[in-house]
Amino acid sequence: MLITLYDPDCLLHKTVELLGSKLIPALESPARLEAILEALHLSEHECRKIQLSAGGDEGRVSRLTKLTSDTHNHNYLQHLQSVYEEWLSAGLIEKDGNVLPECFYLPTSTGKPMRPPKDVFARAGYFAFDMSSGIMLDSYRAIVASANLAYEGTDMLTGFGTDGATDVDTVFALCRPPGHHCDGRRAGGYCYINNAALAVSTWRASKPQARVAILDIDFHHGNGTQEIFYSDPKVLYVSIHGEDEFPYYTGAEDERGIGEGEGTNINLPLKVGSPFEEYMSKLEYGLDRLLDFRPEFLVISLGFDTFHADPLGHFQIHTEDYGTIATRIRQNLKDIPCLVLLEGGYVIEHLGANVLSFLKGWKSV
Ligand code: OKP
Ligand code: ZN
């Protein structure tokens with residue numbers, strides 16, 4: 001059985017970004033989630049609301065915090081939480097203002113360790129790698145709500161297969177903001193906490209020796225997820241993404257992992273404009289590698305920016321194709337509990353239909 005999870009607080013985050021050379025309302029907007037929720041409500045899929053800020057179990061909240069700090073730098077998390085208020089009280093922004101970085105960290109030959117600048121204005125650039133990861137009022141609440149969906153979804157799945165604890169084998173977490181570009185100490189590409197990494201930490205908390213696979217089918221390379229697990233032999237990362245596209249510096253085929261993790265990072269870049277057939281042959285290859293790895297838990301970073309009309313993606317993929325993609329993944333990995341995390345997808349008018357197509361294909365197996 002598949003269930004969908006959402007937190008209404010994920011709607012609170014609404015920022016601006018630098019796109020091309022213009023500062024515009026971020027394409028990663030609340031309207032994305034609203035469109036998906038509306039489509040789900042008009043369909044028969046079960047959609048469960050979880051609202052972290054509504055309080056409740058203190059133990060779960062502290063567990064979430066602890067698991068997030070497994071893969072995320074403490075000062076970085078602190079920064080996410082406090083920077084908006086700090087900028088506000090320093091008079092750097094108004095109440096409706098947006099924290100955006102100015103100067104990024106530069107690797108140097110001085111041998112000096114990397115450390116945050118003293119200036120709170122400059123600090124935004126130390127903890128980010130681009131200008132599409134602004135922070136405004138309530139962003140932090142949405143960021144943590146989004147991460148919590150990955151945590152709750154994974155927690156639910158750990159009970160699968162243990163004497164009727166749950167019959168849920170797939171959770172689709174409607175995470176917003178997304179996560180796959182964040183590497184544990186830098187926000188970027190609309191991402192602040194790496195939801196996929198948090199899911200892996202959550203799974204490992206109860207199954208420390210488990211092999212986990214992450215299939216990233218957002219249009220963009222998940223540089224953050226790759227970075228976090230690059231030397232980890234127990235986590236296989238497979239990504240299909242637009243070649244030489246954002247985030248530009250990663251995603252090449254020769255990035256295969258390092259040390260013990262050598263071979264557990266598989267990048268499958270695809271030329272922009274590629275037709276669906278070519279996409280599917282990469283996917284089939286990726287699925288074979290996933291099967292070889294014999295994972296006990298599968299995380300899918302699912303982006304709908306592979307859609308033909310997406311402003312940030314450039315593959316020839318149409319609504320019905322998401323059903324085909326989902327069916328093929330499910331046919332190959334049928335018995336493995338799976339957490340599907342929402343990443344990108346920016347054509348609001350088609351997002352709902354694309355999600356429904358994916359879910360229908362998944363459930364048809
Ligand atoms: C996030 B996700 C391209 C500008 C890119 C940020 C894109 C973030 C994509 N010219 N700006 O992976 O969907
Ligand atoms: Zn993307």
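In this text, all values refer to a predicted model and were calculated from it rather than measured experimentally.

### Digging into the side chain of Asp7
The topology assignment puts Asp7 in the loop between strand 1 (2-6) and strand 2 (16-19). Of the side chains with opposite charge, Arg141 lies nearest to the buried Asp7, which makes no salt bridge, at 7.4 Å. From its side chain, Asp7 meets the backbone nitrogen of Leu52 in a polar contact 2.9 Å long. With residues near it in sequence (within four places) discarded, Asp7 still touches Leu33, Ile50, Gln51, Leu52, Ala145 and Leu149.

### So, the environment of Asn75
You can see Asn75 is positioned in helix 3 (residues 74-89). On the accessibility criterion, Asn75 (43% relative accessible area) is partly exposed. Sequence separation of Asn75 and Arg185 is 110 residues, and the distance between their C-alpha atoms is 8.2 Å.

### Looking at the coordination of the zinc ion (ligand 2)
Around the zinc ion (ligand 2), the donor atoms from the protein are Asp218 (OD), Asp218 (OD), His220 (ND1) and Asp305 (OD), and they sit 1.9 to 2.7 Å away. Metal-centred angles of 53 to 157 degrees between the six donor atoms at the zinc ion (ligand 2) mark the site as irregular. Sequence positions of the donors to the zinc ion (ligand 2) reduce to the motif D-x1-H-x84-D. Taken together, the residues span a long stretch of sequence, with Asp218 in the loop between strand 6 (212-216) and helix 7 (223-228) and Asp305 in the loop between strand 9 (297-302) and helix 9 (319-332) at a distance of 87 residues.

### A closer look at the site of ligand 1
Around ligand 1, 14 residues are found, and the nearest of them are His180, His181, Asp218, Asp305 and Tyr346. Contacts to ligand 1 include Tyr248, whose side-chain N or O atom sits 3.4 Å from a nitrogen atom. In this structure, an oxygen atom belonging to ligand 1 sits 2.5 Å away from a side-chain N or O atom of Tyr346. Calculation on ligand 1 without its partners gives an accessible area of 410 Å², and the protein chains cover 84% of this total. Across the shell around ligand 1, the residue classes break down as six nonpolar, six polar and two charged.

### Remarks on empty space enclosed by the protein
Within the structure shown, the criterion is met by one cavity of 30 Å³ or more. By volume, the largest cavity is sized at about 70 Å³.

### Remarks on helix 1 (residues 30-41)
Side chains three or four residues apart in an α-helix point the same way, a direct result of the helix having 3.6 residues per turn. Taking 1.5 Å per residue, twelve residues should reach 16 Å; helix 1 reaches 17 Å between its end C-alpha atoms and fits that length. Among all positions in helix 1, only Pro30, Arg32, Leu33, Ala35, Ile36, Leu37, Ala39 and Leu40 are buried. Considering only its buried residues, helix 1 is in contact with strand 1, strand 4 (47-49), strand 10 (338-342) and helix 10 (348-363).

### Quick word on the environment of Asp183
Assignment of secondary structure puts Asp183 in the loop between strand 5 (170-173) and helix 6 (195-206). Classification of Asp183 by relative accessible area gives buried; the value is 11%. If we ignore the near neighbours within four places in the chain, the residues touching Asp183 are Thr71, Gly224, Glu227 and Ile228. Engagement of the side chain of Asp183 in a polar contact is seen with the side chain of Arg186, the distance being 2.6 Å.

### What to know about the sheet that holds strand 7 (residues 235-242)
The strand order 4-1-5-10-9-6-7-8 describes an open sheet built from eight strands, whose pairing is parallel. Each edge of the open sheet is held by one strand with a lone partner, namely strand 4 and strand 8 (265-270). Adjacent strand axes in the sheet meet at a mean angle of 15 degrees, parallel and antiparallel pairs treated alike. Two elements, strand 7 and strand 8, share six bridges in a ladder whose sense is parallel. Bridging across to strand 8, Val238 finds its partner in Ile266.

### Topic: the layout of surface pockets
There is about 860 Å³ of room inside the largest pocket. Every residue lining the largest pocket is counted, 41 residues in all, and those nearest its centre are Phe129, Asp130, Phe246, Pro247 and Tyr248. Of all the secondary-structure elements, those providing two or more residues to the lining of the largest pocket are strand 2 and helix 7. For the lining of the largest pocket, the per-class residue count stands at 20 nonpolar, eleven polar and ten charged. Here the second largest pocket is characterised by a volume of approximately 410 Å³. By residue number, the principal contributor to the lining of the second largest pocket is helix 2 (residues 58-71), which donates five residues. When its residues are assigned to classes, the lining of the second largest pocket shows eight nonpolar, seven polar and three charged.

### Some thoughts on the pairing of strand 3 (residues 22-25)
Two faces belong to every sheet, and in a regular strand the side chains alternate between them. Relative to strand 3, strand 2 runs antiparallel, the two being bridged by four bridges. Residue pairing across strands places Leu19 opposite Lys22, the latter belonging to strand 3. Hairpin geometry of strand 2 and strand 3 is characterised by an intervening segment of two residues between the two adjacent antiparallel strands and by a positive phi of about 60 degrees at Gly20.

### Regarding the packing of helix 8 (residues 276-293) against helix 9
Contact geometry of helix 8 with helix 9 gives a least axis separation of 10 Å together with a crossing angle of 20 degrees. Taken together, the axes of helix 8 and helix 9 lie roughly parallel to each other. The crossing of helix 8 and helix 9 is right-handed. Contacts between helix 8 and helix 9 involve Phe276, Tyr279, Met280, Leu283, Glu284, Leu287 and Leu291 from the first element and Asp321, Thr324, Ile325, Arg328, Ile329 and Asn332 from the second. The residue inventory of the contact of helix 8 with helix 9, partitioned by class, reads eight nonpolar, two polar and three charged.

Rules used throughout
Here the residue index of a chain counts from 1 through its sequence in written order. The lettering of chains begins at A and the numbering of ligands begins at 1, in the order of writing. Local features are withheld for residues below a pLDDT of 70 in this predicted model, meaning they are given only at 70 or higher, and side-chain atom pairs are given and counted only at 80 or more; totals for whole chains, interfaces and linings count all residues. Processing note: side-chain calculations cover all non-hydrogen atoms of the structure and skip hydrogens and water entirely. In DSSP terms, a helix is any run of H or I states spanning at least four residues, a strand is any run of E spanning at least two, and both are numbered starting from the N terminus. Using a 1.4 Å probe on the protein chains alone, a residue whose accessible area is under 20% of its type maximum counts as buried, one over 50% counts as exposed, and one in between counts as partly exposed. Two residue types count as positive, namely Lys and Arg, and two as negative, namely Asp and Glu; His and chain ends fall outside the count. We count a salt bridge whenever a side-chain nitrogen from Lys or Arg sits within 4 Å of a carboxyl oxygen from Asp or Glu. Nitrogen and oxygen atoms within 3.5 Å of one another constitute a polar contact, given that in protein one can donate a hydrogen and the other can accept it, and given that sequence-neighbouring residues count only through two side-chain atoms. Contacts are assigned to residue pairs that have any heavy atoms within 4.5 Å of one another. Water is absent from the atoms considered, so a metal site may look incomplete; donors are defined as N, O and S atoms within 2.8 Å of the metal, or 3.2 Å for Na, K and Ca. Irregular is the label for any site that misses the other tests, which are tetrahedral for four donors with all angles between 85 and 135 degrees, and square planar for four donors or octahedral for six when opposite donors exceed 155 degrees and the remaining angles lie between 65 and 115. We call a residue near a molecule or strand when any one of its heavy atoms sits within 4 Å of it. Residue burial considers only the protein chains on display, and all accessible areas are found by Shrake-Rupley using a 1.4 Å probe. Side-chain classes follow a simple rule in which Ala, Val, Leu, Ile, Met, Phe, Trp, Tyr, Cys and Pro form the nonpolar group, Asp, Glu, Lys and Arg form the charged group, and the remainder, Gly included, forms the polar group. Here a cavity means grid points, on a 1 Å grid over the protein atoms only, where a 1.4 Å probe fits yet cannot get out; a pocket means an open set of points with protein on both sides within 12 Å along at least five of seven lines; lining residues are those with an atom within 4 Å of a point. Grid points are joined across faces, edges and corners, and a volume is the space filled by probe spheres set on the points. A helix is expected to span 1.5 Å multiplied by its residue count minus one. In this scheme, strands are said to pair when DSSP sees at least two bridges between them. Axes, fitted as lines to C-alpha atoms, cover a helix only where it is in contact. Angles between the N-to-C directions of the axes lie from 0 to 180 degrees. Roughly parallel means an angle under 35 degrees; roughly antiparallel means over 145; roughly perpendicular covers 65 to 115; every other angle is labelled oblique. Less than a right angle of anticlockwise turn of the near helix away from the far helix marks a crossing as left-handed, whereas a clockwise turn marks it as right-handed.

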